[in-house]
Amino acid sequence: MAEADASAISLGPIGVFDSGYGGLTILRDLRKTLPEYDYLYLGDNARAPYGSRSFEVIYRYTLEAVKELFARGCPLVILACNTASAKALRTIQQKDLPGIDPTRRVLGVIRPTVEILDKVSESGHIGVLGTPGTVASNSYVLETMKLFPDMKVTQQACPLWVPIVENSEAEGDGADYFVKKYIDALMAKDPETDTFVLACTHYPLLIDKIRKYAPEGMRILEQGHLVAESLKDYLRRHPEMESRLSKGGSAQFLTSENPEKFDSLASVFTHHPVKSRRCALD
């Protein structure tokens, strides 16, 4: 009977959730590193941005999205959003998942980023550039202290970077002022900082300007590759989950906003055309 039950488990895609568009940079690297799997992306664009919302609201919205992806057959969901990872992941893992389905998994983007800091930073002084919500949560500070208690983490909220990206101004001259402003503010707090963590999945679209205004020799960590490598290792260590994932090399896209609006901006993040469907979240 056990063998029959196991064989009856249907295969499903890897779910990737973000409050908006930034998680598409994570999806892009997941597909580069693990191209054989199917992916289902869900962007809660109608209720974005999450960065300035309360813990309770972010937790509720994120849980709704996770349940939606589970209902659509995803055995595993990646919270490709720093704010959701910071404010909702642990509660969902510990409180909700056992009651929903203890065989499914929800993973975030903060731990894979923090895990490699000791291999990257020489000074042990880390600068975190993130949304106000991620910075207020202190998640990067707390996670770093767990693994590397001797490191110093300095945070800087960059509230205008996401609007700059989502208004297609990342290449414009106006972005320079605000990129320089936040980098200078972080470096004024700790001049010994030698590693920047881009703690928002939108920020890779500003990478050229971030490099331009970062001090010479600064190490800059983008999360997509780190999350993809971490997931690859996770699936290697958890064959029981890997065997539940469908392998067709496809990617489908859902948005809580107008699909045409989503598609027009999503291509900026994915570097190829996107065709999404609307998915109501409530």
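Located above this text is the structure these notes cover.
Because the structure is predicted, anything quoted here is derived from the model rather than measured. (Residues numbered from 1 in each chain as written. Predicted model: local features only at pLDDT ≥ 70, side-chain atom pairs only at ≥ 80, totals over all residues. Heavy atoms only, no water.)

### A few points about the environment of L24
On the secondary structure map, L24 appears in helix α2 (residues 23-33). Take L24: its relative accessible area is 0%, and that puts it in the buried class. Sequence separation between L24 and V268 is 244 residues, and the spatial gap between their C-alpha atoms is 9.4 Å. In contact with L24, not counting residues within four places along its chain, are Y41, F253, F262, A266, F269 and T270. (Helix = DSSP H or I, 4+ residues; strand = E, 2+ residues; numbered from the N terminus. Buried < 20%, exposed > 50% of the residue type's maximum accessible area, 1.4 Å probe, protein only. Contact = heavy atoms within 4.5 Å.)

### Describing the packing of helix α3 (residues 55-71) against helix α5 (residues 89-100)
Where α3 contacts α5, the axes come no closer than 12 Å and their chain directions differ by 40 degrees. In this view, α3 runs oblique relative to α5, as classed from their interaxial angle. For the element pair α3 and α5, the recorded crossing hand is right-handed. Here F55, Y59, T62, L63, V66, K67 and F70 of α3 lie close against α5, whose contacting residues are T91, I92, K95, D96, L97 and I100. When grouped by side-chain class, the residues that make up the contact of α3 with α5 number eight nonpolar, two polar and three charged. (Axes fitted to C-alpha atoms, helices over the stretch in contact; angles between N-to-C directions. Parallel < 35°, antiparallel > 145°, perpendicular 65-115°, else oblique. Left-handed = near helix turned anticlockwise from the far one by under 90°. Nonpolar A, V, L, I, M, F, W, Y, C, P; charged D, E, K, R; others polar.)

### A look at the pattern of salt bridges
For the structure on display, the rule yields 20 salt bridges. When the shortest N-O distance is used, the salt bridge between E222 and R211 registers 3.8 Å. You can see E222 sitting in the loop between β8 (219-221) and α13 (223-237) and its partner R211 sitting in helix α12 (residues 207-213), a full 11 residues away along the chain. Close ionic contact of D233 with R236 constitutes a salt bridge, the shortest N to O distance being 2.5 Å. (Salt bridge = Lys/Arg side-chain N within 4 Å of Asp/Glu carboxyl O.)

### Concerning helix α9 (residues 139-147)
Listed as buried for α9 are S139, Y140, E143 and T144. End-on view of α9: buried residues confined to an arc of 120 degrees, all on one side of the axis. (Arc of directions from axis to C-beta.)

### A few points about the nonpolar core
When a protein is soluble and globular, its nonpolar side chains tend to lie buried together. Counting 51 residues, the largest nonpolar core has L24, W161, Y203, L206, L231 and L235 as the members making the most contacts within it. If one sorts the elements of this core by residue count, helix α11 (residues 173-189) sits on top with six residues. Non-local contacts of W161, meaning those with residues more than four positions away in its chain, are made with L129, F178, V179, Y182, I183, Y203, L206 and I210. Core analysis: the next-biggest nonpolar cluster, separate from the first, contains 26 residues, L40, A84, I92 and L254 among them. (Core = buried A, V, L, I, M, F, W, Y, C linked by side-chain atoms within 4.5 Å.)

### Thoughts on α13
Under the 1.5 Å per step criterion, the end-to-end length of α13 is 21 Å for 15 residues, consistent within 8% with the ideal 21 Å. Residues of α13 that are buried include every one of Q223, G224, L226, V227, A228, L231, Y234 and L235, and no others. (Expected span 1.5 Å × (residues − 1).)

### As for the sheet that holds strand β3 (residues 76-79)
Taken together, the six strands give an open sheet; going across it, the order is β4-β3-β1-β2-β9-β10, and neighbouring strands pair in parallel fashion. One side of each edge strand has no neighbouring strand; the edge strands of this open sheet are β4 (105-107) and β10 (276-278). Averaged over neighbouring strand pairs, the angle between their axes works out to 25 degrees when direction is ignored. With three bridges joining them, β3 and β4 adopt parallel strand pairing. When the sheet's bridge partners are listed, L76 is paired in β4 with R105. Along the sheet, α2 makes contact with β1 (14-18), β2 (39-43) and β9 (251-255), crossing β2 at roughly 170 degrees. Running over the sheet, helix α15 (residues 259-270) touches β2, β9 and β10 and is turned about 150 degrees from β10. (Pairing = 2+ DSSP bridges.)

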